[in-house]
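This is what each chain is made of:
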Amino acid sequence: MKGIFIMDIKNTNFDLKQTADSGQCFRMNQTGDNQYGLIAYGKYLNLIRMDEDTVRLGCGEEEYHQIWEGYFDLVYDYGSIIQSLLSGEDRFLSQAAAYGQGIRILRQEPFETMISFIISQNKNIPSIKNCIERLCERFGDYIDCKERPGGGYYTFPKAEILAGAEAGELRKLKLGYRDEYIIKASQAVADGSIDLDELSRCSYEKAFMKLKGIRGIGDKVANCIALYGLHHIEAFPVDVWINKAIKEFYNGSFDSGKYQGYAGIVQQYMFYYIRHLYAKGKGD
DNA sequence: ACCCAGGCCTGGA
DNA sequence: TCCAGGCATGGG
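Residues numbered from 1 in each chain as written. Chains lettered and ligands numbered in written order. Predicted model: local features only at pLDDT ≥ 70, side-chain atom pairs only at ≥ 80, totals over all residues. Heavy atoms only, no water.

Participant: Help me understand the state of the cysteines, please; the structure alone is not making it clear to me.
Facilitator: Here, the word disulfide means a covalent bond between the sulfur atoms of two cysteines. Applying the stated criterion across every chain, the model contains 0 disulfides. Considering cysteine sulfurs only, Cys136 is the nearest to Cys131, which forms no disulfide, with 11 Å between them. When its relative accessible area of 0% is taken as the criterion, Cys131 is described as buried. With no disulfide partner, Cys202 has as its closest neighbouring cysteine sulfur the one in Cys224, 17 Å distant. Look at Cys202 and you get buried, because its relative accessible area is 14%. (Disulfide = S-S within 2.5 Å. Buried < 20%, exposed > 50% of the residue type's maximum accessible area, 1.4 Å probe, protein only.)

Participant: What should I look at first to understand the nonpolar core in this one?
Facilitator: The nonpolar side chains of a soluble globular protein tend to be buried, and buried together. Met114, Ile115, Leu135 and Met270 are the most contacted members of the largest nonpolar core, which totals 74 residues. Per-element tally for this core: the top contributor is helix H14 (residues 263-278), with 9 residues. Contacts of Ile115, omitting those with residues within four sequence positions, involve Leu135, Phe156, Leu162, Ile182, Ala185 and Ser186. Core analysis: the next-biggest nonpolar cluster, separate from the first, contains 22 residues, Ala20, Met28, Ile67 and Tyr71 among them. (Core = buried A, V, L, I, M, F, W, Y, C linked by side-chain atoms within 4.5 Å. Helix = DSSP H or I, 4+ residues; strand = E, 2+ residues; numbered from the N terminus. Contact = heavy atoms within 4.5 Å.)

Participant: Would you explain the packing of helix H5 (residues 110-120) against helix H12 (residues 219-228) in this entry?
Facilitator: Where H5 contacts H12, the two axes come as close as 9 Å, and the packing angle between them is 150°. One way to sum up the angle between H5 and H12 is to call them roughly antiparallel. Seen from above, H5 lies across H12 with right-handed handedness. Contact with H5, carried on its side by Thr113, Met114, Phe117, Ile118 and Ser120, involves Lys220, Val221, Cys224, Ile225 and Tyr228 of H12 and no other residues of that element. Grouping the amino acids of the contact of H5 with H12 by side-chain chemistry returns 7 nonpolar, 2 polar and 1 charged. (Axes fitted to C-alpha atoms, helices over the stretch in contact; angles between N-to-C directions. Parallel < 35°, antiparallel > 145°, perpendicular 65-115°, else oblique. Left-handed = near helix turned anticlockwise from the far one by under 90°. Nonpolar A, V, L, I, M, F, W, Y, C, P; charged D, E, K, R; others polar.)

Participant: It is not clear to me how the domain arrangement of chain A should be interpreted in this structure. Could you clarify?
Facilitator: You'll often see interface size given as the accessible area lost when the parts meet. Structurally, chain A comprises domain 1 (7-75) and domain 2 (110-222). Taken over C-alpha atoms, the centre of domain 1 sits 22 Å from the centre of domain 2. Taken together, the contact pairs 11 residues of domain 1 with 18 residues of domain 2. Of all residues in domain 1, Phe26, Arg27 and Tyr44 give up the largest surface area on contact with domain 2, accounting jointly for 59% of the area buried on that side. Taken together, domain 1 and domain 2 are joined by 1 salt bridge. Across the salt bridge formed by Glu133 and Arg27, the nearest N and O atoms sit 2.8 Å from each other. Between domain 1 and domain 2 we count 5 residue pairs in polar contact (both at pLDDT 80 or more) in total. (Domains from an automatic or database assignment. Buried area = accessible area lost by both parts, 1.4 Å probe. Salt bridge = Lys/Arg side-chain N within 4 Å of Asp/Glu carboxyl O. Polar contact = N/O pair within 3.5 Å; in protein donor to acceptor, adjacent residues only side chain to side chain.)

Participant: Help me understand the protein's contact with DNA strand B, please; the structure alone is not making it clear to me.
Facilitator: Around DNA strand B there are 27 residues in total, and Asn124, Ile125, Tyr177, Lys220 and Gln267 lie nearest to it. Within 4 Å of the protein, the atoms of DNA strand B are drawn from sugar and phosphate moieties in a proportion of 59%. Residue Gly216 places a main-chain N or O atom 3.0 Å away from a phosphate oxygen belonging to DNA strand B. The contact in question runs from a base nitrogen of DNA strand B to an N or O atom on the side chain of Tyr228, over 2.9 Å. For the surface near DNA strand B, the elements supplying multiple residues, two or more each, are H12, helix H13 (240-249) and H14. (Near = heavy atom within 4 Å.)

Participant: What am I meant to see in the protein's contact with DNA strand C here?
Facilitator: By nearness alone, every residue bordering DNA strand C is listed as Asn122, Lys123, Asn124, Ser127, Asn130, Arg171, Lys174, Gly176, Tyr177 and Arg178. In DNA strand C, atoms within 4 Å of the protein come 61% from sugar and phosphate. Note that a base nitrogen of DNA strand C is positioned 2.8 Å from one of the side-chain N or O atoms of Asn122. Its residues placed into classes, the surface near DNA strand C shows 1 nonpolar, 5 polar and 4 charged.

Printed below as a string of structure tokens:
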């Protein structure tokens, strides 16, 4: 009844490298040539780039439809958005869209997204990844795994677990001053005073305000959680890189309202492209 | 040693 | 409303 545990996905706008390097997720890593491994929703998924527009997922059909099709937003048509950007008059955006046309906006677990982006503040991406792995090793569940190079892995911790963690324990994981932010946010989720599933169903504006009520979550982090965890694709996170792009290519002001309803996708192309423009010493 | 990182909070103009 | 400084720590 399970069938073969391989799913080939045909999609012209699904690039593993671009998605893994897009800064949305911190547990999708390259494991070989054209090969990536992802830990999410308590599972490990192997992904292989087969050719231009084919990705092979190491999962069965049931798991695919239950988790990964939504996770990678594969039913959504990114092609038409890219086409409109390519034919638009904004030169920077058309180049950005052309460069990052394989990026997808992920539907990550809301709680993991919330904690991950609380950690992200004032850190670079490699450092964020290291912190998250340490957090998972210390507070997540160990899962035995044969498909994964390196064997078993740790799931992202549950809110109830982190809610009961001690600040000192988190400090040992090099989370710095974010320790109390993480504990308080986890407690809010665990005791029900914030309902992340409800926030994914309500409006972006309401979700944004509710998230900002949590200590350690400001405009930028709230928008990241809204976009990558709650799939409010109108959210437009502004970080140091987006600011760089706005300063350099838009004379200091950019109106994301021109892309009503999908500004977050536009933001993602901008982020990925501006980082590429500034990248030094790394061929690609 | 130095500077910056997918920022946020507080306090003072 | 806007800005400066502090924050805990690792990566480059």
